[in-house]
Amino acid sequence: MYNTFRIKSVVCFVLALFFSMSVYSASVKDIRVAQQDGLTRLVFELDSEANHRLFLLSSPDRVVLDLESIGSLSSNVSKNLSKLSSDMMRRLRYAKRDQGARFVIDLNGKVKAKSSVLSKNAKYGPRILVELEYGKKKPVKVIKSVSTIENAKRDIVVIIDPGHGGKDPGALGKYKVREKDVVLSIGKELAKRINQVKGFKAVLTRSTDVYLKLRQRTKVAREANADILISIHADAFTKSSARGASVWALSLGGKTSEMGRWLAQQEQSSDLVGGISLDDKDQLLAEVLLDMSMNSTIQMSLDIGESVLAKMTRVAKLHKNTVQQAGFVVLKSPDIPSLLIETGFVSNPTEAKNLSSRTYRKKLAQAISKGVIDSFSSNPPEGTYLAWKQKQKAGHTYTVSKGDTLSEIARRNQVSLKALRAANTLKNDVIWIGQKLKIPAS
């Protein structure tokens, strides 16, 4: 009798364990967000397939995604979920629901929403793609992955690429000036100055006299989650009269040829458009997604380049007074703004002498760093320290949603409960759905 009872107990335990494992068969590994003109995409990456349902709610406007058989979120996703946003997505919330999970996307207005299933590939697991269309025209802001967000105050990453190096001396000029030496010196000084500014982090592709292939340089930028890549060079020409510094971005022609290369290489194209793989899409859709990404990247490059050029004109004579465009290989990164800076002509006696001067090189580096810092400071990427600082300085408004409490809103926006009450002349902590609260600068 006793043994029979024990056997039944064990069987029940095993069945219960099996049932719980079968009910919760998947977990959310990562969530990625990409924003483009009038469109926000969210990719929910799972470790195994799960059914889903998507629908819209109003008053206030929000989108709901229900996932079946979801047992858990990864620790990084759970920790950083509330830090994802776009110009239309105000907040992303999560709650357990029956044997699955419910994600609620709080919106800043009306949207058209649709979803699709992306199959597992070599890099990503099964994914649910949610697309929000709303027709606004704003610059691209991309938060690549919630799993890489440590907090809402990350540094802006500037990759500095001193051209040539090692067996490749680059241009050889007057007074035995070698391009690889000049640009390495400028690159190091530029990195030093950028690293002195809070909210910025500079990474050199090379800090010694070594040779790197062009594609290796863009690989360094991608692995570092770069916000911009700056390649430093010095020019040379058959006529010694040629002179002047210049700033270059990728041309539309260079973009077109590069699109073909990226689309032909699945292992690289899978990294694009906020982590949305292109390898499981038809050719036309893949081309549209990639074209949107590269168009916005080129425009950001041009904007930052104009800021750099404006500062360089105070130090160096310019070869061209506007940002030029060409199909340089080192600039051909669809999702990373990139600039190539020609610091002058080493074939020109005057500029070779200038570039040989440590004082002149430091002035050039200072001008370039000022241009980069000013540009990002006026339009900082979401999730960065500069964006956080800007919001804190200006203050902003928040629309109350279902489940919100005043103390939670204060904590999320890093202000005191007392300051939040005072900013909204609240006598108590009672708030209502749809109420707009002023978030004071902290």
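Since we're looking at a predicted model, the values are computed, not measured. (Residues numbered from 1 in each chain as written. Predicted model: local features only at pLDDT ≥ 70, side-chain atom pairs only at ≥ 80, totals over all residues. Heavy atoms only, no water.)

What to know about the environment of Lys-198
Reasoning step 1: Position of Lys-198 relative to the elements: it lies in the loop between α3 (179-195) and β12 (200-204).
Reasoning step 2: It is 8.6 Å that separates the C-alpha atoms of Lys-198 and Leu-386, two residues lying 188 residues apart in sequence.
Reasoning step 3: Those residues in contact with Lys-198 that lie beyond four places of it in its chain are Tyr-385 and Leu-386. (Helix = DSSP H or I, 4+ residues; strand = E, 2+ residues; numbered from the N terminus. Contact = heavy atoms within 4.5 Å.)

Things to note about the packing of aromatic side chains
Reasoning step 1: This structure, assessed with the given rule, holds three aromatic pairs.
Reasoning step 2: A ring pair is formed by Phe-200 and Phe-376, whose centres lie 6.4 Å apart and whose planes are at 70°; its orientation type is edge-to-face. Taken as a pair, Phe-200 in strand β12 and Phe-376 in helix α10 (residues 358-378) lie far apart in primary sequence, 176 residues in all.
Reasoning step 3: Members of the aromatic cluster, connected to one another through ring pairs, are Phe-44, Tyr-94 and Phe-103.
Reasoning step 4: A cation over an aromatic ring shows up here: Arg-90 above the ring of Tyr-398, its NZ or CZ 5.3 Å from the ring centre. (Phe/Tyr/Trp six-rings, centres within 6.5 Å; stacked < 30°, edge-to-face > 60°. Lys NZ or Arg CZ within 6 Å of the ring centre and 35° of its normal.)

Comments concerning the sheet that holds strand β3 (residues 52-57)
Reasoning step 1: One open sheet holds the four strands; their spatial order is β3-β4-β7-β6, and the pairing between them is antiparallel. Looking along the sheet, the strands with just one partner apiece sit at the ends: β3 and β6 (89-97). Between one strand axis and the next, the sheet turns by 15° as a mean value, whatever way the strands run.
Reasoning step 2: For strand β4 (residues 62-67) and strand β7 (residues 100-107), the ladder comprises six bridges, and the chain directions are antiparallel. Bridge pairing links Val-63 to Ile-105 in β7. (Pairing = 2+ DSSP bridges. Axes fitted to C-alpha atoms, helices over the stretch in contact; angles between N-to-C directions.)

Overview of the packing of α3 against α10
Reasoning step 1: For the pair α3 and α10, interaxial distance at closest approach is 8 Å and the crossing angle is 50°. Relative to α10, α3 is oriented oblique. Here the hand of the crossing between α3 and α10 comes out right-handed. Counted together, Val-182, Ser-185, Ile-186, Glu-189, Leu-190, Arg-193 and Ile-194 of α3 and Arg-361, Lys-362, Leu-364, Ala-365, Gln-366, Ile-368 and Ser-369 of α10 form the full contact between these two elements.
Reasoning step 2: Looking at the contact of α3 with α10 residue by residue, the classes come out as seven nonpolar, three polar and four charged. (Parallel < 35°, antiparallel > 145°, perpendicular 65-115°, else oblique. Left-handed = near helix turned anticlockwise from the far one by under 90°. Nonpolar A, V, L, I, M, F, W, Y, C, P; charged D, E, K, R; others polar.)

Topic: unusual backbone geometry
Reasoning step 1: A cis amide bond links Ser-59 with the next residue in sequence, Pro-60, at an omega value of 5°.
Reasoning step 2: Its place among the elements puts Pro-60 in the loop between β3 and β4.
Reasoning step 3: Positive phi is not limited to glycine here, since Ser-59 has a value of about 55°.
Reasoning step 4: Here Ser-59 lies in the loop between β3 and β4.
Reasoning step 5: The backbone of His-164 sits at a positive phi, close to 60°, despite the residue not being glycine.
Reasoning step 6: Structurally, His-164 is set in the loop between β11 (156-162) and α3.

Some remarks on the nonpolar core
Reasoning step 1: The biggest cluster of nonpolar side chains holds 45 residues, and the ones touching the most others in it are Val-158, Ile-232, Val-308 and Met-312.
Reasoning step 2: For this core, the element with the highest residue contribution is α10, accounting for eight residues.
Reasoning step 3: Those residues in contact with Met-312 that lie beyond four places of it in its chain are Ala-245, Val-247, Leu-318, Ile-341, Leu-364, Ala-367 and Ile-368.
Reasoning step 4: Grouped together as the second largest cluster of nonpolar side chains are 28 residues, Val-28, Leu-65, Leu-67 and Ile-105 included. (Core = buried A, V, L, I, M, F, W, Y, C linked by side-chain atoms within 4.5 Å. Buried < 20%, exposed > 50% of the residue type's maximum accessible area, 1.4 Å probe, protein only.)

Digging into the pairing of strand β14 (residues 246-250)
Reasoning step 1: Within β14, four of the five residues are buried, which leaves it mostly tucked inside the rest of the structure.
Reasoning step 2: Where β14 lies against strand β16 (residues 338-345), three bridges are found, and the strand directions are antiparallel. Following the sheet pairing, Ser-246 is matched in β16 by Glu-342.
Reasoning step 3: Pairing of β14 with strand β15 (residues 324-326), which is carried by three bridges, proceeds in the parallel orientation. Across the sheet, Leu-250 pairs through a bridge with Ala-326, a residue of β15.

Concerning the packing of helix α9 (residues 349-356) against α10
Reasoning step 1: Remark: α9 packs on α10, axes separated minimally by 5 Å, with the N-to-C direction vectors making an angle of 85°. By the angle between their axes, α9 is roughly perpendicular relative to α10. On α10, the residues touching Asn-354, Leu-355 and Ser-356 of α9 are Arg-358, Tyr-360, Arg-361 and Leu-364.
Reasoning step 2: Across the contact of α9 with α10, the residue classes break down as three nonpolar, two polar and two charged.

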